[in-house]
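Topology and contacts: notes
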Amino acid sequence: MSQSQVQSQSQSQSPSASGSGQIDPISQGIQDLYLESYAFTTSAAIVGSVDRKVFVLLRDGRNLFGILRTFDQYANLVLQDTVERIYLPDNKYSEADRGVFLIRGENVVMLGEIDIDKEDLPLEKWNKTNNFKDAEEYLKNKNNEKIGKEVNISKKMGKIGLTSDFTKTDLY
Amino acid sequence: MLPLYLLTSAKGQPILVELKSGETVNGNLVNCDSWMNLTLDNCIKVDPSGEVFLKLKEIYIRGNQIKYLRMSNAVIDQLKEQQMSNNNAGYNNSYDHRNRRGNSRGQGRRYNSGGRGGYRGGRTQQQPVSSHQQHQQQQQPPQQQQQQHNSVAY
């Protein structure tokens, strides 16, 4: 492949080339150097969140806040200095330190980066309670209630020939 | 550094595994593979309600049943240190090559662009041609190594 062919190819691929009429021959293709100028759609999309504070919702309904250290193609995640938070009724919440997590990717519902300057704003009107065990108990009861309800619905649907896609592990 | 790599480096250390069913297993990690299948020893298994405890000498966990693993902060720190020392070792090795090369030549050459050096022979006019050629041959392997190091570093 000749030199000019290579150049024209890199031009058409580089995000910077689109739009601007004149292209500086030196800075052209410089955008290609930055990963963030590519729109990843697979688990590579979270590459920009590495070493930042993130929020992870698990399929069992757990809320985890921690620093994303690494991930792989399955979206297996490693979180450091993780805090688990349970939201309680009457504007209360409880937190527990959990340390290092290695989460198997298939249990992740969503992950989002947190702006550490603004993360405490929504909690200003909430009261932190220190009794995490009670909070866990509340969550367990709530989940059991939900399971009972959904199982009832599934049974009724089954009787009239319908199916329900509820599973006990999906409590988010 | 991938998550599974961290897991392999946690071998021998105590970890906590929670399964999708809600059961938790505490124990020392003995082995793991690329499917995240695990073997632990000296384990305590707790049922989903958190009330029934079972002490087991050894347990095998199929990877796809895992929800998450928890481990101590030291695992990450240890891995970081290990990687740092590996990097340093690599750097020192190449530094050695540079020194050795300079000594064998008898005079330092600061500019090493690698590849085809244009100035070779320019400064060694006083030496007999045959010995100069020998020098060149001796020199080449270290220079290649140097080049490799450069391509990694930048």
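Residues numbered from 1 in each chain as written. Chains lettered and ligands numbered in written order. Predicted model: local features only at pLDDT ≥ 70, side-chain atom pairs only at ≥ 80, totals over all residues. Heavy atoms only, no water.

1. Observations regarding the overall build of chain A
Our working definition: Numbering of helices and strands starts at the N terminus; helices are DSSP runs of H or I of at least 4 residues and strands are runs of E of at least 2. To sort residues, take the accessible area from a 1.4 Å probe on protein chains only and compare it with the maximum for the residue type: under 20% means buried, over 50% means exposed, and anything in between is partly exposed. Only heavy atoms enter the contact rule, under which two residues are in contact if any of them lie within 4.5 Å. Calculation of accessible area relied on Shrake-Rupley with a 1.4 Å probe; when residues are assessed, cover is drawn exclusively from the protein chains displayed.
The secondary structure content of chain A amounts to two helices and six strands. Reading the helices (α) and strands (β) of chain A from amino to carboxyl end gives α-β-β-β-β-β-β-α. Expressed as a percentage of the 172 residues in chain A, the buried residues total 31%. By sequence separation, contacts in chain A at least 24 residues apart represent 50% of the contacts at least 6 residues apart. In the form shown here, chain A has an accessible surface area of approximately 11300 Å², with 50% of it arising from carbon and sulfur atoms.

2. Let's talk about the interface of chain B and chain A
Let me state the cut-off plainly: Each of two parts loses accessible area, computed with a 1.4 Å probe, when they are put together; buried area is these two losses added. Within this document, salt bridges are pairs made up of a side-chain nitrogen of Lys or Arg and a carboxyl oxygen of Asp or Glu, the two lying within 4 Å of each other.
On the chain A side, the residues contacting the 23 residues of chain B number 21 residues. Of the roughly 2000 Å² buried between chain B and chain A on both sides combined, carbon and sulfur atoms contribute 56%. Joining chain B to chain A, the criterion identifies three salt bridges. The closest approach of N and O atoms between Glu106 of chain A and Lys20 of chain B, which form a salt bridge, is 2.8 Å.

3. A closer look at the packing of aromatic side chains
Residue and element names in this part refer to chain A. The condition is simple: Classification of ring pairs uses Phe, Tyr and Trp, with its six-membered ring standing for Trp, and accepts pairs whose centres are within 6.5 Å; under 30 degrees between planes counts as stacked, over 60 as edge-to-face, and the remaining range as tilted.
Inspection of every chain in the model, using the stated rule, returns three aromatic pairs over all chains. Judged by centre distance (5.3 Å) and plane angle (40 degrees), the ring pair of Phe55 and Phe65 falls under tilted. Here the residue Phe55 occupies a position in strand β1 (residues 53-58), and Phe65 occupies one in strand β2 (residues 63-71), the gap between them amounting to ten residues. By the burial criterion, Phe55 is buried, and Phe65 matches it. Seen from their ring centres, Tyr87 and Trp126 are 5.6 Å apart, and the 75 degrees between their planes marks the pair as edge-to-face. In this pair, Tyr87 is assigned in strand β3 (residues 77-88) and Trp126 in the loop between β5 (108-113) and β6 (127-129), connecting sequence segments 39 residues apart.

4. Notes on the nonpolar core
Test applied: What makes a nonpolar core is a set of buried Ala, Val, Leu, Ile, Met, Phe, Trp, Tyr and Cys residues whose side-chain atoms join them at distances within 4.5 Å.
Residues Leu7, Val17, Leu38, Leu40, Ile61, Leu69 and Met71 of chain B are the most contacted members of the largest nonpolar core, which totals 25 residues. Listed by contribution, the elements that provide at least two residues to this core are β4 (92-103) of chain A together with α1 (3-9), β1 (14-19), β2 (24-32), β3 (38-46), β4 (53-61), β5 (66-71) and α2 (73-105) of chain B. Excluding residues within four positions of it along the chain, Ile61 of chain B makes contact with Val17, Leu19, Val25, Met36, Asn37, Leu38, Leu40 and Ile66 of chain B. In this structure, Leu68 and Ile103 of chain A together with Leu16 and Tyr68 of chain B belong to the second largest nonpolar core, which totals 13 residues.

5. With respect to unusual backbone geometry
The phi dihedral of Asn91 of chain A falls on the positive side, at around 50 degrees, and the residue is not glycine. Turning to its location among the elements, Asn91 of chain A is positioned in the loop between β3 and β4. For Asn91 of chain A, a relative accessible area of 40% translates into the label partly exposed. One non-glycine residue, Met36 of chain B, lies in positive phi territory at about 75 degrees. Looking at the element boundaries, Met36 of chain B is found in the loop between β2 and β3.

6. Quick notes on the pattern of salt bridges
If you walk through the whole model with that rule in mind, you get 16 salt bridges over all chains. For Arg62 of chain A, the salt bridge is made with Glu84 of chain A, and the minimal N-O distance between the two is 3.9 Å. Taken together, the positions of Arg62 of chain A in the loop between β1 and β2 and Glu84 of chain A in strand β3 put the pair 22 residues apart, joining distant regions of the chain. Taking the relative accessible area as the measure of exposure, Arg62 of chain A reaches 14% and is therefore buried. Taking relative accessible area as the criterion, Glu84 of chain A reaches 3% and is therefore assigned buried. Via salt bridges that share partners, Asp60, Arg62, Glu84, Arg98 and Glu136 of chain A together with Glu18 and Lys67 of chain B belong to a single interconnected network.

7. Here we look at the pairing of β4 of chain A
Residue and element names in this part refer to chain A. The condition is simple: For two strands to count as paired, DSSP must find a minimum of two bridges between them.
In the sheet, β3 pairs with β4 via ten bridges, with the strands oriented antiparallel. For Val78, the partnering residue across the bridge sits in β4 and is Leu102. Hairpin connection from β3 to β4: three residues lie between these consecutive antiparallel strands, with Asp90 at a positive phi of about 60 degrees. Of the pairings in the sheet, the one linking β4 to β6 comprises three bridges and is parallel in character. Bridging across to β6, Ser94 finds its partner in Thr129.

8. Structural notes on the confidence of the model for chain B
All names here are of chain B. In plain terms, the rule: What pLDDT conveys is the predictor's confidence in a given residue, as a value from 0 to 100.
With 58% of its residues at a pLDDT of 70 or more, chain B has an overall mean of 74. In the predicted structure, residues 97-125 sits below a pLDDT of 50 and forms 25 contacts with residues beyond four places in sequence or in another chain. Taken as a whole, residues 145-154 scores under 50 in pLDDT and shows seven contacts with residues more than four places along the chain or in a different chain. Under the prediction, the complex receives an ipTM of 0.75, its pTM being 0.67.

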